[in-house]
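# Structural description and commentary
Chain by chain, the residues run as shown.
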Amino acid sequence: MCLAVPMRVIEIKDNEAVVELGGLKQKINLGLLEKIDVGDYVIVHAGFAIQKLDEEEAEKTLSFLREMAEKL
Amino acid sequence: MRYIDEYRDPGLIQMLMTKIDHLQQHYPKELFLMEVCGTHTMAIFRSGLRNLLPKNIRLLSGPGCPVCVTPNHYLDKAIAYTRRDDVIITTFGDMIKVPGSSSSLEKEKGRGGDIRVVYSVMDALKIAQEYPGKNIIFLGIGFETTAPTLAATIKMAKEKNIQNFSVFSGHKLIPPAMQALVGAKELHIDGFICPGHVSTIIGGRPYGFIAREYKIPCVVAGFEPLDIVQAIFMLIQQIVNQDPPSVRIQYTRSVKEEGNPKALDLMEEVFEIKDSEWRGIGDIPESGLKIRGNFSSFDAEVNIEVEVEDTKENKGCICGPILRGIKTPLDCKLFKKGCSPENPIGACMVSSEGTCAAYFKYGD
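Residues numbered from 1 in each chain as written. Chains lettered and ligands numbered in written order. Predicted model: local features only at pLDDT ≥ 70, side-chain atom pairs only at ≥ 80, totals over all residues. Heavy atoms only, no water.

### A short note on the state of the cysteines
All names here are of chain B. Put simply, the rule reads: Here, two cysteine sulfur atoms that lie within 2.5 Å of each other are counted as a disulfide. Relative accessibility thresholds used throughout: buried, under 20% of the residue-type maximum; exposed, over 50%; partly exposed, between the two (1.4 Å probe, protein chains only).
Within the structure shown, the criterion is met by 2 disulfides over all chains. Note that C65 is cross-linked by a disulfide to C68, the S-S spacing being 2.2 Å. In this structure the cystine formed by C65 and C68 twists about its S-S bond by roughly 65°; its chirality is therefore right-handed. The buried category is assigned to C68, whose relative accessible area is 1%. A sulfur-sulfur distance of 2.1 Å marks the disulfide that ties C319 to C348.

### Digging into a positive patch on the surface
The condition is simple: The residues that make up patches have over 30% relative accessible area and no salt bridge, and they are joined within 9 Å when like-charged or within 5 Å when they are Val, Leu, Ile, Met, Phe, Trp or Tyr. Under the convention used here, a 1.4 Å probe and the Shrake-Rupley method define accessible areas, while residue burial counts only the protein chains that appear. Each reported salt bridge corresponds to a side-chain nitrogen of Lys or Arg within 4 Å of a carboxyl oxygen of Asp or Glu. Charge assignment: positive for Lys and Arg, negative for Asp and Glu; neither His nor the chain ends contribute. For the purpose of locating charges, the reference atoms are NZ of Lys, CZ of Arg, CG of Asp and CD of Glu. Each helix is a run of H or I in the DSSP string that is no shorter than four residues. Each strand is a run of E no shorter than two, and both are numbered from the N terminus.
A cluster of basic residues, K13 and K27 of chain A together with K126 and K160 of chain B, forms a positive patch on the protein surface. Of note, K160 of chain B is situated in the loop between α7 (147-159) and β6 (165-169).

### Let's talk about the side chain of Q250 of chain B
Threshold: In protein, a polar contact requires one atom able to donate a hydrogen and another able to accept it; more generally it is a pair of N or O atoms within 3.5 Å, and residues adjacent in sequence count only if both atoms are side-chain atoms. In what follows, residue pairs with any heavy atoms lying within 4.5 Å of each other are defined as contacts.
As for its position among the elements, Q250 of chain B is in the loop between β9 (247-249) and α12 (261-270). Q250 of chain B sits in the buried class, given a relative accessible area of 3%. Within polar-contact distance, the side chain of Q250 of chain B engages the side chain of D227 of chain B at 2.9 Å. Within the structure, the side chain of Q250 of chain B is placed 3.0 Å from the side chain of Q230 of chain B, a separation counted as a polar contact. Residues within four places of Q250 of chain B in sequence aside, it is in contact with T61 of chain A together with V219, V220, A221, G222, D227, Q230, A231 and M234 of chain B.

### Remarks on the sheet that holds strand β7 (residues 191-195) of chain B
Hydrogen bonds between backbone groups are what pair the strands of a sheet, and the pairing can be parallel or antiparallel. Residue and element names in this part refer to chain B. Threshold: Should DSSP find at least two bridges between two strands, the strands are regarded as paired. Note on geometry: axes are lines fitted to C-alpha atoms, helical ones only across the stretch in contact, with angles between N-to-C directions running from 0 to 180 degrees.
The 5 strands lie next to each other as β2-β1-β7-β8-β9, forming an open sheet whose pairing is parallel. A strand with exactly one partner marks an edge of an open sheet, and here the two such strands are β2 (57-64) and β9. Taking the axes of each pair of neighbouring strands and ignoring which way they run, one obtains an average angle of 25° across the sheet. Both strand β1 (residues 31-37) and β7 contribute to a ladder of 3 bridges, which runs parallel. Note that in β7 the partner of E35 across the bridge is I193. The strands touched by helix α2 (residues 38-47) are β1, β2, β7 and β8 (218-221); relative to β1, the strand with the most contacts, the crossing angle is about 120°. Docked against the sheet, helix α8 (residues 174-184) engages β1, β2 and β7, running at close to 160° with respect to β7.

### What to know about the interface of chain B and chain A
For clarity, the cut-off: Two parts placed together each lose some accessible area under a 1.4 Å probe, and adding up what both lose gives the buried area. Following the grouping adopted for this structure description, the nonpolar residues are Ala, Val, Leu, Ile, Met, Phe, Trp, Tyr, Cys and Pro, the charged ones are Asp, Glu, Lys and Arg, and the polar ones are all others, Gly among them.
Across the contact, 49 residues belong to chain B and 36 residues belong to chain A. Between chain B and chain A the total buried area reaches about 3,700 Å² when both faces are included, carbon and sulfur atoms providing 66% of it. The interface formed by chain B and chain A contains 2 salt bridges. The tally of links between chain B and chain A comes to 14 residue pairs in polar contact (both at pLDDT 80 or more). Those elements that provide at least two residues to the side of chain B that touches chain A are α1 (10-26), α6 (121-130), α7, α9 (196-202), α11 (225-240) and α12 of chain B. A class-by-class count of the residues in the side of chain B that touches chain A yields 26 nonpolar, 16 polar and 7 charged.

### A look at helix α1 (residues 55-71) of chain A
Applied cut-off: One fewer than the residue count of a helix, multiplied by 1.5 Å, yields its expected span.
A rise of 1.5 Å per residue sets the reference length of α1 of chain A, with its 17 residues, at 24 Å; its end C-alpha atoms lie 25 Å apart and thus fit the reference within 8%. Its side-chain oxygen placed 3.2 Å from the backbone nitrogen of E56 of chain A, D54 of chain A serves as the N-cap of α1 of chain A.

### Considering the pairing of β1 of chain B
Residues in a regular strand point their side chains to alternate faces of the sheet. Residue and element names in this part refer to chain B. Burial within β1 is extensive, with 6 of its 7 residues counted as buried. Where β1 meets β2, 6 bridges bridge the pair, whose relative direction is parallel. Each bridged residue has a counterpart across the sheet, and for L31 the counterpart in β2 is I57.

### Observations concerning the confidence of the model for chain B
To be explicit about the condition: pLDDT runs from 0 to 100 and stands for how confident the predictor is about each residue.
In the predicted model, chain B carries a mean pLDDT of 94, and 100% of its residues have values of at least 70. For this predicted complex, the interface score ipTM comes out at 0.97, alongside a pTM of 0.95.

### What to know about the nonpolar core
Basically, it comes down to this: Residues belong to a common nonpolar core when they are buried Ala, Val, Leu, Ile, Met, Phe, Trp, Tyr or Cys residues joined through side-chain atoms within 4.5 Å.
In this structure, F138, F165, F192, Y207, I232 and I236 of chain B are the most contacted members of the largest nonpolar core, which totals 122 residues. Among the nonpolar cores identified, the runner-up in size contains 21 residues, and L75, I89, I137 and V350 of chain B belong to it.

Dropping the structure here:
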């Protein structure tokens, strides 16, 4: 059951957050993570955020592949 | 959709396929790559990647479908729990149609059993608070992605002194299962595509022994088509270049070497490791999770008594060899001849991550 999706945090109250993806909003628990801010992207699984999405790494992966494509 | 659409870029996928083709021309030998995770199996089928890869690259489906590897005995016990008048069973949706020895949760629901599908274990805790006169049992099926959510919820239940909530733990661990597969030597595996969300929790390190001792390279992959193709490229590159086998992370936006330390600490606090039976594989040492003694008031097996019928297996079902990657659904006499998602005979057909369900829905 690896099903999880990246969602954007739009609201935080105590240990819960409201996250959003493509217009869909959901309430989730932040108890598995440390510091999360509004605007962060988190990986959501079964009502919990299991990791903060590393936006720098996300960009690195794509630029690496785009560079590879240019050299081809 | 941000951080999803970019990883579906057809131009980048095509570029990687071209590079894979170039590598394959220098290395025409057949290569067997196993995707451990059922969600990867489904993603691969859905994206049509199997047809785009060179013919010498063969993808094998592994046992990473938690519903599929849950033995009949667990289902039978869940059914026994639901037959008690004081019990409300809460479960992830996939478990509902899975056949046990003589019934299923769906059939029991038809007979009046109080069985509720939930999206999160937290929903089960809320139900327990709404029904103080009932015993709410959550069916804890999943791997390391889900176990921390249960650990957090059990802790919350203890803090709030909720006395009518318990978990029937069927949680299992992925690295021991990978070890059992390579150790059994039934299959030749040239590389592992490791599960991205299990690894979000456990990191890349637990797969180290597969590379070091069994000399098989591992790449931790995300779930979008570009992620999977990049992971396959990274594996083939290692093999063709004859690099010393190692564990690499493709899904760096979610997976760190050390995983999620807070989630791991919670798991360690609430659960201990035990031996576990996997459908189709048998007993794997230290591959399951049991609720620790100081949280035993939340352990359904400790608190709620039931009698369970003797386990019976369906003789025609070859879910076992399919989970071990040595057969495919096309080898099964029952596939599409009596066994279908509406009328599943085995767990691999009913689960949304099951290999048989994938073959049925998307064809070979």
